[in-house]
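Take a look at the letters that make up each chain.
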Amino acid sequence: SAVISQKPSRDICQRGTSLTIQCQVDSQVTMMFWYRQQPGQSLTLIATANQGSEATYESGFVIDKFPISRPNLTFSTLTVSNMSPEDSSIYLCSVALQGARQPQHFGDGTRLSIL
Amino acid sequence: GENVEQHPSTLSVQEGDSAVIKCTYSDSASNYFPWYKQELGKGPQLIIDIRSNVGEKKDQRIAVTLNKTAKHFSLHITETQPEDSAVYFCAASANTGNQFYFGTGTSLTVIP
């Protein structure tokens, strides 16, 4: 398994501002994923972040709104830009281990509220 | 694309009873089916998974069954305990992609 640390664990932000969420893994992983989970709902994949290449975004998510960095095999960031109340959600980092292509392990998430 | 449906959305059982959660999927190419448990304030935790070449898998009190013909799979929890109370998500995935398609979740409450 892997230990995944996300920071911050929660935040309350003003409309129009941006917040960067950090995801740190205790081992090197090839694939990292960012998910959004709105309260009481299921998980929606935002993008897949691979080291050394640009992130791959899912339909409905764009790089200008959710820029992602992946500087090495243990770290990634997701920025939520120009936030509005609709961005209030839980943002989760996930990793795939041992050559797997799908997310297997999740961090505890960042609970974001926009006023 | 894949569509995963999960039932029921809420489930209450008495401690010691069994709980069953069912999921159906639409894409016949899906061949990997994990189950996650999400406790309040935590991220989803992988509890068991099954691949399409297996019909059933068991791990202590938890078992998963898969019917590829009917495109459905189920999570079975026996001898439930209060600490089993959580939201459970099923998911489906195909080797050709790296995305999980998650079900809508089942909130399980085990009543002491």
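Computed from a predicted structure; not experimentally measured.

### Observations concerning the overall build of chain A
Piece 1. Of the regular secondary structure elements, chain A holds zero helices and 11 strands.
Piece 2. Along its sequence from the N terminus, chain A presents helices and strands in the succession β-β-β-β-β-β-β-β-β-β-β.
Piece 3. Its C-alpha radius of gyration of 13 Å places chain A within 12% of the 13 Å reference for a compact globule of 115 residues.
Piece 4. Across its three principal axes, chain A shows a C-alpha extent of roughly 40 × 25 × 20 Å.
Piece 5. In chain A, which comprises 115 residues, the share counted as buried stands at 51%.
Piece 6. Sequence separation of 24 or more characterises 53% of the internal contacts of chain A that already satisfy a separation of 6 or more.

### Here we look at the pattern of salt bridges
Piece 1. Under the defined criterion, the tally for this structure stands at five salt bridges over all chains.
Piece 2. In this structure, Asp49(B) and Lys57(B) form a salt bridge, with 2.8 Å as the shortest nitrogen-oxygen distance.

### Comments concerning unusual backbone geometry
A negative phi holds for most residues other than glycine; trans holds for most peptide bonds.
Piece 1. Across the junction of Lys7(A) and Pro8(A), the peptide omega takes the value -10°, indicating a cis bond.
Piece 2. The residue after His7(B), namely Pro8(B), is reached through a cis peptide bond having omega -5°.
Piece 3. Here Asn82(A), not a glycine, exhibits a phi torsion of approximately 45°, which is positive.
Piece 4. Position of Asn82(A) among the secondary structure elements: in the loop between strand 8 (75-80) and strand 9 (89-96).
Piece 5. Assessed through its relative accessible area of 53%, Asn82(A) is described here as exposed.
Piece 6. Phi is positive for Glu79(B), which is not a glycine, with a value near 45°.
Piece 7. Looking at the secondary structure, you find Glu79(B) in the loop between strand 8 (72-77) and strand 9 (86-92).

### So, the sheet that holds strand 8 of chain A
All names here are of chain A.
Piece 1. Reading across from one edge, 1-3-8-7 is the order of the four strands in this open sheet, with antiparallel pairing throughout. Only two strands of the sheet have a single partner each, and these edge strands are strand 1 (4-7) and strand 7 (68-72). Averaged over all pairs of adjacent strands, the angle between their axes in this sheet comes to 15°, without regard to strand direction.
Piece 2. Across four bridges, the pairing between strand 1 and strand 3 (residues 19-25) is antiparallel. Each bridged residue has a counterpart across the sheet, and for isoleucine 4 the counterpart in strand 3 is valine 25.

Definitions and cut-offs
Residues numbered from 1 in each chain as written. Chains lettered and ligands numbered in written order. Predicted model: local features only at pLDDT ≥ 70, side-chain atom pairs only at ≥ 80, totals over all residues. Heavy atoms only, no water. Helix = DSSP H or I, 4+ residues; strand = E, 2+ residues; numbered from the N terminus. Rg over C-alpha atoms; globule rule 2.2 N^0.38 Å. Buried < 20%, exposed > 50% of the residue type's maximum accessible area, 1.4 Å probe, protein only. Contact = heavy atoms within 4.5 Å. Salt bridge = Lys/Arg side-chain N within 4 Å of Asp/Glu carboxyl O. Pairing = 2+ DSSP bridges. Axes fitted to C-alpha atoms, helices over the stretch in contact; angles between N-to-C directions.

Function cannot be read off these values alone, since they describe shape.
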